[in-house]
Amino acid sequence: ADGIRERFTDELGYITPKLGADAAIFNENNQILLHERADGSGWCLPCGWTEPNEKPANAAIRETREETGLIVEIVRFVGIFSRPASIEYGPHSMLSVLHLCRITGGELCLSHEGLALRYWALEAVPHWHANHARLAQAALNCHLAGAAWQAISD
């Protein structure tokens, strides 16, 4: 209890959510690239916290390079998703800014942050990290809607 009280009293000012950035990358079979977290908490999109003064889109690009070795560009903004503070995920609420991305370079390479990298069909993922199933579904909907729009416009 004292440790928890100390963490909260050290926090000065208005408490705002932590800000994360996520990248959704799909292959030609509409499978999403996921990263199995080294902490054992499941499969997730390439993601991470934004640095001070960093735009979420830039953080998504940076985190993807750090976690997968891939260079990506933003294709489309998908949405902002919230996760409240909880016993399971910690004392801070968070916002995730999700972008649909396209690979422009690099080579798929596992970082120290993960156990595996793999493309998955959403329904086949055995254990999702936190709220990433919801993020992945929103990204797939956006990806498929974009593909349909492109086919109509071509």
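Preceding this section is the structure that the text describes.
What this report covers is the structure whose coordinates are included nearby. Since we're looking at a predicted model, the values are computed, not measured.

1. A closer look at the environment of isoleucine 4
For step 1, the next point in the chain: For isoleucine 4, the location among the structural elements is in helix 1 (residues 2-10).
For step 2, the next point in the chain: You can call isoleucine 4 exposed: its relative accessible area is 54%.
For step 3, the next point in the chain: Sequence separation between isoleucine 4 and proline 91 is 87 residues; the distance between their C-alpha atoms is 9.1 Å.

2. Observations regarding the packing of aromatic side chains
For step 1, the next point in the chain: In the structure shown here, the tally under the stated rule is one aromatic pair.
For step 2, the next point in the chain: Ring plane angle 70° and centroid distance 5.1 Å describe the contact between tryptophan 43 and tryptophan 120, whose orientation is recorded as edge-to-face. Residue tryptophan 43 is located in strand 3 (residues 43-44), and its partner tryptophan 120 is located in strand 7 (residues 114-120); the two are separated by 77 residues in the primary sequence.
For step 3, the next point in the chain: Cation over ring: arginine 118 sits above tryptophan 120, and NZ or CZ is 3.6 Å from the ring centre.

3. Remarks on the pattern of salt bridges
Oppositely charged side chains may form a pair once their charged atoms are brought near each other.
For step 1, the next point in the chain: For the structure on display, the rule yields six salt bridges.
For step 2, the next point in the chain: Residues arginine 37 and aspartate 39 are paired through a salt bridge, measuring 3.1 Å at the closest nitrogen-oxygen approach.
For step 3, the next point in the chain: Look at arginine 37 and you get partly exposed, because its relative accessible area is 23%.
For step 4, the next point in the chain: For arginine 62, the salt bridge is made with glutamate 51, and the minimal N-O distance between the two is 3.9 Å. Pair noted here: arginine 62 is in helix 2 (residues 56-68) and glutamate 51 is in the loop between strand 4 (47-49) and helix 2, with a separation of 11 residues, a long-range link.
For step 5, the next point in the chain: Judged by its relative accessible area of 14%, arginine 62 is buried.
For step 6, the next point in the chain: For glutamate 51, a relative accessible area of 44% puts it in the partly exposed group.
For step 7, the next point in the chain: Each of Glu51, Glu54, Arg62, Glu63 and Glu66 takes part in salt bridges that share partners, so that together they form one network.

4. A few points about the sheet that holds strand 4
For step 1, the next point in the chain: Spatially, four strands are ordered 4-1-6-5 in an open sheet, and the strand pairing comes out mixed. Edge positions in the sheet fall to strand 4 and strand 5 (70-83), since each of these pairs with one other strand and no more. Taking the axes of each pair of neighbouring strands and ignoring which way they run, one obtains an average angle of 25° across the sheet.

5. Structural notes on the sheet that holds strand 7
For step 1, the next point in the chain: In space, the three strands of this open sheet follow the order 3-2-7, with antiparallel pairing throughout. The strands lining the two open edges of the sheet, one partner per strand, are strand 3 and strand 7.

Rules used throughout
Residues numbered from 1 in each chain as written. Predicted model: local features only at pLDDT ≥ 70, side-chain atom pairs only at ≥ 80, totals over all residues. Heavy atoms only, no water. Helix = DSSP H or I, 4+ residues; strand = E, 2+ residues; numbered from the N terminus. Buried < 20%, exposed > 50% of the residue type's maximum accessible area, 1.4 Å probe, protein only. Phe/Tyr/Trp six-rings, centres within 6.5 Å; stacked < 30°, edge-to-face > 60°. Lys NZ or Arg CZ within 6 Å of the ring centre and 35° of its normal. Salt bridge = Lys/Arg side-chain N within 4 Å of Asp/Glu carboxyl O. Pairing = 2+ DSSP bridges. Axes fitted to C-alpha atoms, helices over the stretch in contact; angles between N-to-C directions.

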